[in-house]
Amino acid sequence: MNEISNKWIGTNTIRPDGADKVTGRAAYAADTSMPGMIWGRVLRSPHPHARIKSIDTSKAEALQGVKAVVTSKDIVEFPVDKPVALGIQDMRWMSRNVMAREKALFHGHPVAAVAAMSEAIAAEACKLIEVDYEVLPWAIEIEDALKPDAPILHDFVQFEGKPSNIAGTLEHKLGDIEAGFAKADVVIERSFTTRPVHQGYIETHACLVSVLSDGKTTIWSSSQGQFMVRAMTSLLTGIPQSSIRAIPAEIGGGFGGKTIVYLEPLATMLSKKSGRPVKMVMSREEVMRATGPTSGSTSTVKIGATKDGTIVAAQGVFYLQAGCFPGSPIRGAAGCAFAPYNIANVVSRGFDVVSNRSKVAAYRAPGAPIGAYAVECVLDEVAEALKIDPLDLRIKNAAREGTKAAHGPVYPRIGLLETMESARKHPHYKAPLGKFQGRGVASGYWFNAGGESSAQVNITEDGNVVVTTGHPDIGGSRAAIANIAAELLGIDYRRVSVLIGDTATVGYSNLTGGSRVLFASAIVVTDSAEQVIGQLKARAAKIWGISADAVVWENGEARPSGDHTGNFPTMTLAEIAAKATETGGPIGAGVQLNTTGAEGGFSTHICDVEVDVDLGIVRVLRYTSFQDVGRAIHPAYVEGQIQGGAVQGIGWALNEEYIYNKKGHVDNPGFLDYRMPVCSDMPMLDAVMIEIPNPKHPQGVRGVGEVPLVPVMAAVANAVHSALGKRYYSLPMSPPKVLEGLDEGTLQAAE
Amino acid sequence: MTDMRYLAPSTLDEAVGAFAAAAGAARILAGGTDILVQMRAGMVQPGLIVDIKKIPELTGIEETADGGFVIGAAVSGAVLYEHPRFGEVWPGVLEAINLIGSTQVQGRASAGGNLCNGSPAGDSVPAMIAAGATVTVQGPNGRRQMPVEAVPAGPGRTNLTPGEILVSFTLPPRAKGASDAYLRMIPRTEMDIAVVGCGVNLTLKDGVCTAARVGLGAVAPTVLLVEAAAKALIGSKLDDAAIETAAAACRAACRPIDDKRGTIVYRTKVAGVLLKRTVAIAADRAGRA
Ligand SMILES: Cc1cc2nc3c(=O)[nH]c(=O)nc-3n(C[C@H](O)[C@H](O)[C@H](O)COP(=O)(O)OP(=O)(O)OC[C@H]3O[C@@H](n4cnc5c(N)ncnc54)[C@H](O)[C@@H]3O)c2cc1C
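Residues numbered from 1 in each chain as written. Chains lettered and ligands numbered in written order. Predicted model: local features only at pLDDT ≥ 70, side-chain atom pairs only at ≥ 80, totals over all residues. Heavy atoms only, no water.

**Focus on the overall build of chain A**
And then number 1: The helix and strand tally for chain A stands at 22 helices and 30 strands.
And then number 2: The globule rule puts the C-alpha radius of gyration for 751 residues at 27 Å, and the 27 Å found for chain A is close to it.
And then number 3: Expressed along its principal axes, the backbone C-alpha trace of chain A runs to roughly 85 × 75 × 50 Å.
And then number 4: By the burial criterion, 63% of the 751 residues in chain A qualify as buried.
And then number 5: Counting contacts in chain A only where the partners sit at least 6 residues apart, residues at least 24 apart contribute 79% of the total.
And then number 6: Within the structure as shown, chain A displays about 26,600 Å² of accessible surface, and the carbon and sulfur contribution to it stands at 52%.
And then number 7: Charged side chains of chain A number 71 positive and 78 negative; the gap between the two group centres comes to 2 Å. (Helix = DSSP H or I, 4+ residues; strand = E, 2+ residues; numbered from the N terminus. Rg over C-alpha atoms; globule rule 2.2 N^0.38 Å. Buried < 20%, exposed > 50% of the residue type's maximum accessible area, 1.4 Å probe, protein only. Contact = heavy atoms within 4.5 Å. Areas by Shrake-Rupley, 256 points an atom, 1.4 Å probe, with all protein chains shown as cover. Lys, Arg positive; Asp, Glu negative; His and termini not counted. Charge placed at Lys NZ, Arg CZ, Asp CG, Glu CD.)

**Re the interface of chain B and chain A**
And then number 1: Tallying the contact residues gives 18 residues for chain B and 25 residues for chain A.
And then number 2: For the chain B and chain A pair, buried surface summed over both sides reaches about 2,000 Å², with 57% attributable to carbon and sulfur atoms.
And then number 3: Taken together, the links from chain B to chain A amount to 5 salt bridges.
And then number 4: The residue A:D614 makes a salt bridge to B:R277 at a minimum N-O spacing of 3.2 Å.
And then number 5: Between chain B and chain A we count 14 residue pairs in polar contact (both at pLDDT 80 or more) in total.
And then number 6: Element by element, the count of residues in the side of chain B that touches chain A is highest for helix α12 (residues 264-288) of chain B, at 6 residues.
And then number 7: Looking at the side of chain B that touches chain A residue by residue, the classes come out as 10 nonpolar, 1 polar and 7 charged. (Buried area = accessible area lost by both parts, 1.4 Å probe. Salt bridge = Lys/Arg side-chain N within 4 Å of Asp/Glu carboxyl O. Polar contact = N/O pair within 3.5 Å; in protein donor to acceptor, adjacent residues only side chain to side chain. Nonpolar A, V, L, I, M, F, W, Y, C, P; charged D, E, K, R; others polar.)

**Considering the packing of aromatic side chains**
All names here are of chain A.
And then number 1: Inspection of every chain in the model, using the stated rule, returns 17 aromatic pairs over all chains.
And then number 2: Both rings, one in F159 and one in F351, keep their centres 6.2 Å apart while their planes meet at 80°; by these two values the pair is edge-to-face. Here the residue F159 occupies a position in strand β9 (residues 158-159), and F351 occupies one in strand β19 (residues 346-354), the gap between them amounting to 192 residues.
And then number 3: Judged by relative accessible area, which is 22%, F159 ranks as partly exposed.
And then number 4: Judged by centre distance (5.4 Å) and plane angle (10°), the rings of W544 and F568 are stacked. Here W544, found in helix α16 (residues 517-544), pairs with F568, found in the loop between β25 (557-560) and β26 (571-572); they are 24 residues apart in sequence, far enough to count as distant.
And then number 5: A residue is classified by how much of its surface remains accessible, and W544, at 10% relative accessible area, is buried. (Phe/Tyr/Trp six-rings, centres within 6.5 Å; stacked < 30°, edge-to-face > 60°.)

**Some details on the pairing of strand β12 (residues 196-205) of chain B**
All names here are of chain B.
And then number 1: Taken across its 10 residues, β12 has 9 buried, putting it largely inside the fold.
And then number 2: The sheet contact formed by strand β11 (residues 178-185) and β12 spans 8 bridges and is antiparallel. Residue pairing for β12: R184 is matched across the bridge by G197.
And then number 3: The turn joining β12 and strand β13 (residues 208-217), which pair antiparallel and follow one another in sequence, is formed by 2 residues; a positive phi near 50° is taken by D206. (Pairing = 2+ DSSP bridges.)

**Examining the sheet that holds strand β22 (residues 465-469) of chain A**
Residue and element names in this part refer to chain A.
And then number 1: Within the open sheet, the 4 strands sit side by side as β23-β22-β21-β27. Their pairing is mixed. Each edge of the sheet is formed by a strand with only one pairing partner; in this case those strands are β23 (496-500) and β27 (588-595). Direction aside, neighbouring strands of the sheet carry axes that sit 15° apart on average.
And then number 2: Those strands touched by α16 are β21 (451-459), β22 and β27, and its axis lies near 145° from that of β27. (Axes fitted to C-alpha atoms, helices over the stretch in contact; angles between N-to-C directions.)

**Comments concerning the pattern of salt bridges**
Residue and element names in this part refer to chain A.
And then number 1: Going through the model one piece at a time under the given rule, you end up with 58 salt bridges over all chains.
And then number 2: For E77, the salt bridge is made with R96, and the minimal N-O distance between the two is 3.7 Å. Placement of E77 in the loop between β3 (66-70) and β4 (85-86) and of R96 in helix α3 (residues 91-98) is noted, with a sequence separation of 19 residues between them.
And then number 3: K127 is paired through a salt bridge with E124; the nearest N and O atoms lie 3.8 Å apart. Of this pair, K127 and E124 both sit in helix α4 (residues 119-128), 3 residues apart, which is roughly one turn of that helix.
And then number 4: A relative accessible area of 30% places E124 in the partly exposed class.
And then number 5: Residues joined in a network through salt bridges with shared partners are R15, D17, K21, E250, D473 and R478.

**Comments concerning the domain arrangement of chain A**
Residue and element names in this part refer to chain A.
And then number 1: The domain boundaries assigned to chain A delineate domain 1 (18-26 + 450-595), domain 2 (32-136 + 203-252 + 258-290) and domain 3 (297-448 + 599-750).
And then number 2: Here the C-alpha centre of domain 3 lies 39 Å away from the C-alpha centre of domain 1.
And then number 3: Each side of the interface is counted separately: domain 1 has 14 residues, and domain 3 has 15 residues.
And then number 4: Summed over both sides, the interface between domain 1 and domain 3 buries roughly 1,200 Å², with carbon and sulfur atoms accounting for 61% of that surface.
And then number 5: Counting across the domain 1 and domain 3 interface gives 0 salt bridges.
And then number 6: The interface formed by domain 1 and domain 3 contains 6 residue pairs in polar contact (both at pLDDT 80 or more). (Domains from an automatic or database assignment.)

**Structural notes on the state of the cysteines**
And then number 1: Tallied over the entire structure, the rule returns 0 disulfides over all chains.
And then number 2: A:C679 takes part in no disulfide bond, and the closest cysteine sulfur to it belongs to A:C607, at a distance of 17 Å.
And then number 3: Residue B:C250 stays outside any disulfide, its sulfur separated by 5.4 Å from that of B:C198, the closest cysteine.
And then number 4: B:C250 gets classed as buried once you look at its relative accessible area, which sits at 0%. (Disulfide = S-S within 2.5 Å.)

**Some points on the site of the ligand**
Residue and element names in this part refer to chain B.
And then number 1: Taken together, 31 residues sit near the ligand, with I28, T33, D34, S110 and D123 positioned nearest.
And then number 2: Measuring from an oxygen atom of the ligand, one finds a backbone N or O atom of G32 at 2.7 Å.
And then number 3: S110 is positioned such that a nitrogen or oxygen atom in its side chain is 2.6 Å from an oxygen atom of the ligand.
And then number 4: About the coverage of the ligand: the protein hides 87% of its 980 Å² of free accessible area.
And then number 5: Elements represented by at least two residues in the shell around the ligand include exactly β2 (26-29), α8 (111-116) and β10 (165-171).
And then number 6: Of the residues assigned to the shell around the ligand, the class counts are 16 nonpolar, 9 polar and 6 charged. (Near = heavy atom within 4 Å.)

**Some remarks on the pairing of strand β6 (residues 134-139) of chain B**
Residues and elements named next belong to chain B.
And then number 1: Of all 6 residues making up β6, 5 are buried, and the element is well covered by its neighbours.
And then number 2: In terms of strand pairing, β6 meets β10 through 5 bridges, oriented antiparallel. In the strand pairing of β10, V135 is matched with F169.

**Quick look at the nonpolar core**
Residue and element names in this part refer to chain A.
And then number 1: Grouped together as the largest cluster of nonpolar side chains are 93 residues, with contacts concentrated most on I303, Y623, V716 and M733.
And then number 2: Looking at this core element by element, the count peaks at 12 residues for helix α11 (residues 368-386).
And then number 3: The next biggest cluster of nonpolar side chains, apart from the first, holds 49 residues, and it includes I9, A482, A485 and I533. (Core = buried A, V, L, I, M, F, W, Y, C linked by side-chain atoms within 4.5 Å.)

What follows is the structure, encoded as structure tokens:
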């Protein structure tokens, strides 16, 4: 832990990307263009499930202005029987997701792509591509995909020895579940459903790709990882990574949804074939049909407790939609569901279910909000049955240092209990409630992640600092890194400029995801900065003719110490930089590491709602999130993460859902009818940041980006229950559903 | 790939001439907040755009000598909001128009566009119908007037004949004790499309409702004038029984569809709820008018 002056760490310095963003100067992927650039467009399947018998592109190729057409023949094939993992993805599925191969598996699945002189010509050419489909029966919802006679998406997927749409399972076990339930005085078992929800980033997917005749490829795109873009594009096109330079654009939101590629490999092949730079930009409709979302789910949770409120057994079964390829976040659902509690006997199972909808992508704490929704609602019912305050029940059973979690770890020092206790004491928890108003609480957990990060810290000739890291900044990492570098070097943060390097200018850095970026990059930046300080001290020592050990670095200056104290005037960073050439050359250091020690994040929320019982509308009146944030390096950004999670969870809880029509097409592929919350829907969202520094991090950083979403749906659902005395077991709690569930009896009781 | 022409004539005659000559290939552009979205989505591809915002008659707001109002069809919501008197006299019509979209959309969106777009969910339409507004229309065969409720023909369609342009809305003079209100049900608080919209305009004399009109949106292929609801209110003291009868009349008038925006059951229930709430607001305002 660095307990130095903390002049910058913990302060809301001006965000380095702010001016560009508010003036419209920030260059997002779609803002890039090149001389000779042409436009790519994707032809998408009109069927939710169909065998592709043949594709004839000759008429499209003959159209004036068309420069290239690609189909799955142009994308590297990964045989279905040989897994090729890349991070949490498998290239067998990535290859078939970017371009349908044997079958089209959802309405909107790409089947071909065209590059032409204009977007209009490319669109016209798409219409000229003749695809011979054998239309197949399809299944969209989990229950349909699990029926005995359900259409099977992939013959090679087997479950219990038979072809199935269950593509994977996972189980966490602790203790003896039967014995645990046998001890319980109260056992509550309930089933829940949630709908898939989209990450809802404002910027749609976009890229510009230039492949030269020597194979040198440059990709400008919006993603959560330029190295992921490079690796996936390389694997899908056969171009070696060393020939690909992936340049991250400013990113207009990702929330996990930009941790995979959709357009880049297609644009690369179109550019390679046409010899021209190719630009592709998805429409919102394409985004809603063919990217993201996170899983819908059905789950059953059973919890047993003794009269004194001790939870003695907990069991969860979570079925998650994967979309059309295996890979739903069952690990997040089954792993995080019970993680906030110290429970001796746990069984938590996840089932990965494929169906004819777009392949899911990561979304903030993937899977965890789904698990927490079911568990935290059941806990509320346990508290009610035992007549214990719901926060007291949680406090009594809270995991703490030394608790063994069902998903594996024994926790080090964690701040969960502090989040619960501070919620318990907060004025919000005691504020009066009116008619048809209710209050709910819920807690949540997210793993957080470490992983590979690289940084380069260079001192400029004029004595300022340039820090280059390798993670696209989607949550304020540049501002936070500037704070840390300024703190360590003892200089004003405005003298530090933080850049996101491209794949050719900075070392390998894993995705912006898993709430890992500030955790991991702070480690490599700290190591680099410490090396730089070492160099600065050595340079001063050389100038003074004393040993480097006799120099200290303080307040941005080298000072002689020990016997030499006061013998030489101190030297500032600028003075040392000015003499760099004579004293040994440029000053700078780079560090590349696989970071470890990212401990999990915990959060507890209080939500107040009011229900308009005539219209079925639920409005959130007040919302407070209490989170163990480790150390808030840039508090405004941490608060922003917490508020953003609350908003997204409220949307998930109340209105967001995909509506499919009878043909198996998404019927609401836009923000008008896919109802994410708008500003005026929200009260001020309060964030209480509790700082229990992560002992395994130089600044005490814990990931803060994902856990803010985990408890939200449960907190809202529990609040609705408290307002009405009636519980809804499925999301979203949209007005028609809420109204349908209200009868005279319920209303009278609620009054 | 087709070319598109753009005209912004400064007289109505010119506009009607060009619009009629293009025979179906042309579209009128007022604020563009519907038409531009539809063009971008590829739903319409006009060969000619006739922008009517340069025509004085379509962009003016006039308070007539008898106390009525004539509002140009292309007047934007923001401009109408700034009028010193209109909102006092027709608070319901104004709030309906001002509910359209966001601040940005308000700077452009017009009541004329809202009506001619033909959406059964258009927010200003039930309020205009409740107000008893009429429209002036000009086409190759001259001018005519019709009540607002006669304009919509079905989703996306109007009863304007080829070449006709909506010129203005005329709102009648106000009696003492008259006021109006508009409410819509949307799942969010803004930037949403009405699941049900309800406009009520009524006159109170000594606590008795002497005149009333009710417009109901998004519950049928066109916005409805619900005469049975008005009848239930007229002559009553707006007591619970009268209001319940009016609400029942609204529910009975509903011929909605089940779609992504609402179910038949839900829309029908909500129509009654909104009637009650809108009457309460209009009556409160009328009591002070
Ligand atoms: C973000 C957003 C939010 C919105 N929210 C709402 C909402 O809350 N409520 C709502 O009701 N609507 C909403 N709309 C739809 C739209 O803004 C309204 O319908 C608006 O009133 C249209 O007016 P306009 O002047 O922009 O019409 P335009 O788009 O210019 O025209 C609409 C149609 O009417 C025709 N037309 C226009 N004027 C005339 C005329 N004088 N004579 C003949 N034909 C004419 C045009 O050719 C076109 O077909 C929203 C739109 C957007 C983009």
